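# Structural description and commentary
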Protein chains: 2
Amino acid sequence: MKNINTKLITIFIFIFVATNIIFAQKNYDSLFLKIAEEGLDKINTHRLLSELCTTIGNRVTGSESASKAVEWTKSQMEKEGADFVWTEKMMVPHWVRGKIEKAEMNVNGKKIKLDICALGGSIATPKNGIEAEVIEVKNFDEVRALGEKAKGKIIFYNRPFDRKRLDGAYGNAVNQRSIGAIEAAKVSAIGSVIRSMTYALDDKPHTGAMHYEDSVTKIPHGALSTISANLLSETLKKEKNVKLKFILSSETLPDVESANVIGEIRGSEFPNEIIVVGGHLDSWDKGQGAHDDGSGCMQSIEVLSLIKRLGLKPKRTIRAVMFMNEENGLRGGLDYASNKNRANEKHIAAIESDAGGFMPHGFGITTDSLKFEKLKSFAKHLEFIGCEKFQKGGGGADISPLQKQGVPVLGLNPDGERYFDYHHSDNDTIDKVNPRELEFGAIAMTILSYLISEEGL
Amino acid sequence: MKNINTKLITIFIFIFVATNIIFAQKNYDSLFLKIAEEGLDKINTHRLLSELCTTIGNRVTGSESASKAVEWTKSQMEKEGADFVWTEKMMVPHWVRGKIEKAEMNVNGKKIKLDICALGGSIATPKNGIEAEVIEVKNFDEVRALGEKAKGKIIFYNRPFDRKRLDGAYGNAVNQRSIGAIEAAKVSAIGSVIRSMTYALDDKPHTGAMHYEDSVTKIPHGALSTISANLLSETLKKEKNVKLKFILSSETLPDVESANVIGEIRGSEFPNEIIVVGGHLDSWDKGQGAHDDGSGCMQSIEVLSLIKRLGLKPKRTIRAVMFMNEENGLRGGLDYASNKNRANEKHIAAIESDAGGFMPHGFGITTDSLKFEKLKSFAKHLEFIGCEKFQKGGGGADISPLQKQGVPVLGLNPDGERYFDYHHSDNDTIDKVNPRELEFGAIAMTILSYLISEEGL
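One structure accompanies this document, and this report is about it.

## Things to note about the overall build of chain A
Across its full length, chain A carries 13 helices and 16 strands. Taking 2.2 N^0.38 as the reference for a compact globule, 457 residues should give roughly 23 Å; the C-alpha atoms of chain A span a radius of gyration of 25 Å, in line with that estimate. Each of the 457 residues in chain A was classed as buried or not, and the buried ones make up 59%. Considering only residue pairs separated by 6 or more positions, chain A has 83% of its internal contacts joining residues 24 or more positions apart.

Right, here's the structure in full:
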């Protein structure tokens, strides 16, 4: 009799649990379809991004437009229905491009204009520029091997993106930009230029962060468009005595105050358990910062907006953070993680979108194995929008300080093939962003953050 | 003793089979990586497509440029190293747009220009056009309900793509284009126009096939750009006595001769067992037919080229077929399947790429369950390029006559969100095609056709 009772109880428990699972599952499925339909119907993310791009435009850290972006973003989050919206201030770097950027090559007296821009952080040239013989290299070994020959010359880094790579071409080429000036100065070159970091062949120089070392002479460091880089390289193969002249007028001013912009839907059961969704509000001072990273910011606002529009009451707090200064300092990310406001908060997860507003296919995840498996078990709920590829490794620069504190971090992974066509250049404009692709990213972030809120991690 | 021998033999067989599987697997993995690297390094598909788009341009069935495309394609397949290249001739329809396409709405005497184009197959208006009151409808029920009211009027079909749909919006809207003129004529309308079949809001009318019925009066049928459609619709809400005037000068001429263009790598073991890879060589007479379907054709040539460049000797014949007349008649697909040249051939599978040169994510497959499972077992080999989603259902219009004969058919499935932004319009140009995304499609088709060749089906 006891045995039969035990069996009966087991069966009842099984039925109870199974019913709950099926019921919950069914609820999720129809809810997530509603989220997707609401998102796609309104394509609100693209509306917000259009306004950011056309009324404010690009917004390099420390600039007036970055200040405007802070105010505009705050008011948008309020309009979209966040429970609380606030800013958290911090000091940020203030590099300015200056008005004059010019380059030309001089081939035995014949002068040919090239497309150039200063890399972010570069010092200016003297007012009339620098002119010198130019030496083309592919990597730092070649620079070091130049030794004395480099003295007084301009180094031209021309290692292109490796087309054969399935991915990671940027990571494999970007040290030319980031530390090229240091390596060139070490062999007494007076300036350096790089081939822009892109697969595309066009006339737009692509900017991006570059660094100096305190112990090494600072020299001006610029980017040539890929068309100009090819022209210079071909000329160097054919001609002797090719000189390059360039003028940059950039400078680094004293730090100024700026802010992260934060809005949230407060959790109904565990308000101090936080799930961050975010992007970075600053961009480079080229184009409109549409894909990089207006997209990630507006998608994060849309997460809050979708939750509000559908009348959801998540158990945990879902917080959208627009980080300031990702591109050249990470002050926003660092400040957020260490801010005193965090004292009583427990961060459950942080999700960043900073790989462009393209069609998303999954998330890259950095956390321990148990939490990875739990997150992976959520992937099936994103299959209906094709965003179920949950892979180990990933996150985002702005949330890396949280990661160091042990917070699980996730990065939205969209199609990556077109990203560097636009990245950090005048090509990064709103017309390059497909409204539905952008919205699918916001939908994926909404579903995943809601799942973490309801199921915990 | 006997028992031990049996065990030993079993173990040996197991080791032998396992070794072979592992060895074969390993060979495939390194070979397929080589195929991908070779493809991405040269991006030959985009080079071919650029030449097709810029030297020949669009190529509507029956046109001079379609004839040029046949010759050009034949010579390209020879250059790329196909073992055999030939054409198979057939008669095709010859519809021409004519030079004059104009539309304007007349609002109480004020005339406002609208963007219009004839739909493919439409008759012309009288030389001075038609002008009448216009009635906006969303579907055929509304047309039928008009009854007598429609007499002498112009019907304006304005049911937009349903944004809420995850996919299939085109299929849900396209009957306005394909049979809208028939339904409008049944209620004695004198002409009809549609809202262009696209999510995009722009000033480009999108053309496409439309049909008449022998028993129903033929009336002219055009497409308005989505901007013009919105303007007309808003005006109709605000104003009375809105008239629409439009002039089309299209006509259908007698059939002319054209051809499918075919090239192949002959199978080393089973030459009469054929795997088709293909696209359609004709396009509409708008833009350059870059995504639709220059992409699929050039990808199919690249399949042969990659096999040749890597020195592979497939067991079965891999054949690239550029079908003529997919857009308005399917004569190429029908002729291919029924051609006397097919008498001694056995078609193992047919793969079509006709959904644009975007990033591919898998294949849609129509065949019996056993063959589907075998094909699905190949998917793992495409995971490294993100093209492992093998789903039931799919194929392509050109290979549908083969499907009716029992041949397994497969359609390459790329990202679909941007397709209808360009489709059948002046927007469908080479600058909208990313070289790497296009090449990934060719790589996926190469790997899958080679697997079918080596493993059978």
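## Here's the deal with the interface of chain B and chain A
Tallying the contact residues gives 26 residues for chain B and 26 residues for chain A. Buried surface at the junction of chain B and chain A, summed over both partners, amounts to about 2,400 Å²; 53% is from carbon and sulfur atoms. At the junction of chain B and chain A, the tally comes to 6 salt bridges. Residue Arg436(B) is joined to Glu417(A) by a salt bridge in which the shortest nitrogen-to-oxygen separation is 2.5 Å.

## Quick notes on helix 6 (residues 175-186) of chain A
All names here are of chain A. End to end, helix 6 covers 15 Å across 12 residues, agreeing with the expected 16 Å (1.5 Å per residue, within 8%). Gln176, Arg177, Ser178, Gly180, Ala181, Ile182, Glu183, Ala184 and Ala185 are the residues of helix 6 that are buried. Looking at the buried residues of helix 6, the elements they touch are helix 4 (140-146), strand 6 (154-157), helix 5 (169-173), strand 7 (191-195) and strand 8 (221-224). Of the residues flanking the end of helix 6, it is Ser188, one or two places downstream, whose phi is positive at about 70°.

## Side note on the relation of the copies chain B and chain A
Between chain B and chain A, the superposition needs a rotation of 180° and an axial shift of 0.0 Å, giving an RMSD of 0.0 Å. The superposition of one copy onto the other is thereby described by a two-fold rotation axis. A shared binding surface is used by both copies, with 100% of the interface residues of chain B retained as interface residues in chain A.

## A few points about the pattern of salt bridges
Tallied over the entire structure, the rule returns 58 salt bridges over all chains. Between Glu437(A) and Arg418(B) there is a salt bridge; the shortest N-O distance is 2.9 Å. Taken together, the residues span two chains, with Glu437(A) in helix 13 (residues 435-455) and Arg418(B) in the loop between strand 16 (409-414) and helix 13 (419-422). In this structure, Glu437(A) and Arg418(B) share a single accessibility class: buried. We note a salt bridge from Glu64(B) to Lys68(B), for which the minimum N-O separation is 3.9 Å. Placement of the pair is Glu64(B) and Lys68(B) together in helix 3 (residues 64-79), with a separation of 4 residues, close to one helical turn. Of the residues examined, Lys68(B) reaches a relative accessible area of 48% and is grouped as partly exposed. Linked by salt bridges that have partners in common, Glu88(A), Glu264(A), Arg266(A), Arg319(A), Arg342(A) and Glu345(A) make up one network.

## Considering the side chain of Asp115(B)
Residues and elements named next belong to chain B. Take Asp115: it is sitting in the loop between strand 3 (110-114) and strand 4 (116-118). Asp115 gets classed as buried once you look at its relative accessible area, which sits at 19%. Within the structure, Asp115 has its side chain in polar contact with the side chain of Ser225 (distance 2.8 Å). Filtering out sequence-adjacent residues up to four positions away, Asp115 remains in contact with Asp203, Pro205, Ala223, Leu224, Ser225 and Ser228.

## Focus: the packing of helix 2 (residues 44-56) of chain A against helix 3 (residues 64-79) of chain A
Residues and elements named next belong to chain A. Running from amino to carboxyl end, helix 2 crosses helix 3 at an angle of 150°, the nearest separation of the two axes being 11 Å. Here helix 2 is positioned roughly antiparallel relative to helix 3, judged by the angle of their axes. Between helix 2 and helix 3 lies a crossing of right-handed hand. Touching Leu48, Glu51, Leu52, Thr55 and Ile56 of helix 2 are Ser65, Lys68, Ala69, Trp72 and Gln76, all from helix 3. When grouped by side-chain class, the residues that make up the contact of helix 2 with helix 3 number 5 nonpolar, 3 polar and 2 charged.

## Concerning helix 2 of chain A
In an α-helix, one turn spans 3.6 residues; hence positions three or four apart end up facing the same way. Between its first and last C-alpha atoms helix 2 of chain A spans 18 Å; for 13 residues at 1.5 Å apiece the expected length is 18 Å, and the two agree. Among the residues trailing helix 2 of chain A, Gly57(A) stands out with phi positive, at a value near 75°.

## Concerning the packing of aromatic side chains
Evaluation of the coordinates by the stated rule reveals 26 aromatic pairs over all chains. On the basis of an interplanar angle of 90° and a centroid distance of 6.4 Å, the ring pair of Phe32(B) and Tyr450(B) is categorised as edge-to-face. Taken as a pair, Phe32(B) in helix 1 (residues 2-42) and Tyr450(B) in helix 14 (residues 435-455) lie far apart in primary sequence, 418 residues in all. According to the relative accessible area criterion, Phe32(B) is buried, its value standing at 1%. Here Tyr450(B) falls in the buried class, since its relative accessible area comes to 9%. Residues Phe161(B) and Tyr199(B) carry aromatic rings whose centres are separated by 5.0 Å and whose planes lie at 85° to one another, so their mutual orientation is edge-to-face. Of the two residues, Phe161(B) sits in the loop between strand 6 (154-157) and helix 5 (169-173) while Tyr199(B) sits in the loop between strand 7 (191-195) and strand 8 (221-224), which places them 38 residues apart along the sequence. Judged by its relative accessible area of 7%, Phe161(B) is buried. Classification of Tyr199(B) as buried rests on a relative accessible area of 14%. Through successive ring pairs, a cluster of aromatic residues spans Phe161(A), Tyr170(A), Tyr199(A), Phe358(A), Tyr419(A), Phe420(A) and Tyr422(A).

## A closer look at the sheet that holds strand 6 of chain A
Residues and elements named next belong to chain A. If you walk across this open sheet you meet the 8 strands as 3-2-9-5-6-7-8-4, and the pairing is mixed. The open sheet has two edge strands with one neighbour each: strand 3 (110-114) and strand 4 (116-118). Strand-to-strand twist across the sheet, computed as the mean angle between neighbouring axes with direction ignored, equals 30°. Bridging between strand 2 (residues 101-107) and strand 3 involves 5 bridges; their strand directions are antiparallel. Bridge pairing in strand 3 links Asn106 to Lys111.

## Quick look at the side chain of Gln288(A)
Here Gln288(A) shows up in the loop between strand 11 (270-280) and helix 8 (290-309). Once residues within four sequence positions are removed from consideration, Gln288(A) is found in contact with Cys53(A), Gly57(A), Asn58(A), Arg59(A), Asp428(A), Thr429(A) and Ile430(A).

## Some words on the packing of helix 9 (residues 290-309) of chain B against helix 14 of chain B
The description of two helices packed together rests on the angle between their axes and the distance between the axes. All names here are of chain B. Direction vectors running N to C along helix 9 and helix 14 enclose 55°, while the axes themselves pass 8 Å from each other. With respect to their mutual orientation, helix 9 and helix 14 come out oblique. Taken as a pair, helix 9 and helix 14 cross one another with a handedness that is right-handed. Residues Ser295, Gln299, Ser300, Glu302, Val303, Leu306 and Ile307 of helix 9 lie in contact with helix 14, whose contacting residues are Leu438, Glu439, Gly441, Ala442, Ile443, Met445, Thr446 and Ser449. In terms of residue class, the contact of helix 9 with helix 14 is made up of 7 nonpolar, 6 polar and 2 charged.

## Topic: unusual backbone geometry
Residues and elements named next belong to chain A. Cis geometry marks the peptide bond from Asp292 to Asp293; its omega dihedral reads 0°. For Asp293, the location among the structural elements is in helix 8. For Leu330, which is not a glycine, the phi torsion comes out positive at approximately 65°. Relative to the helices and strands, Leu330 resides in the loop between strand 12 (316-323) and helix 9 (331-338).

## A closer look at the sheet that holds strand 9 (residues 242-248) of chain B
The strands making up a sheet are joined through hydrogen bonds of the backbone, oriented either antiparallel or parallel. Residue and element names in this part refer to chain B. With mixed pairing, the 8 strands of this open sheet are ordered in space as 3-2-9-5-6-7-8-4. Bordering the open sheet on either side are strand 3 and strand 4, each of which pairs with just one other strand. Mean inter-strand twist for the sheet, computed between neighbouring axes without regard to direction, equals 30°. Sheet topology note: the strand 5 (residues 130-137)/strand 6 ladder contains 4 bridges and is parallel. Following the sheet pairing, Val137 is matched in strand 6 by Tyr157.

The rules behind each value
- Residues numbered from 1 in each chain as written.
- Chains lettered and ligands numbered in written order.
- Predicted model: local features only at pLDDT ≥ 70, side-chain atom pairs only at ≥ 80, totals over all residues.
- Heavy atoms only, no water.
- Helix = DSSP H or I, 4+ residues; strand = E, 2+ residues; numbered from the N terminus.
- Rg over C-alpha atoms; globule rule 2.2 N^0.38 Å.
- Buried < 20%, exposed > 50% of the residue type's maximum accessible area, 1.4 Å probe, protein only.
- Contact = heavy atoms within 4.5 Å.
- Buried area = accessible area lost by both parts, 1.4 Å probe.
- Salt bridge = Lys/Arg side-chain N within 4 Å of Asp/Glu carboxyl O.
- Expected span 1.5 Å × (residues − 1).
- Least-squares fit on C-alpha atoms with pLDDT ≥ 70 in both.
- Polar contact = N/O pair within 3.5 Å; in protein donor to acceptor, adjacent residues only side chain to side chain.
- Axes fitted to C-alpha atoms, helices over the stretch in contact; angles between N-to-C directions.
- Parallel < 35°, antiparallel > 145°, perpendicular 65-115°, else oblique.
- Left-handed = near helix turned anticlockwise from the far one by under 90°.
- Nonpolar A, V, L, I, M, F, W, Y, C, P; charged D, E, K, R; others polar.
- Phe/Tyr/Trp six-rings, centres within 6.5 Å; stacked < 30°, edge-to-face > 60°.
- Pairing = 2+ DSSP bridges.

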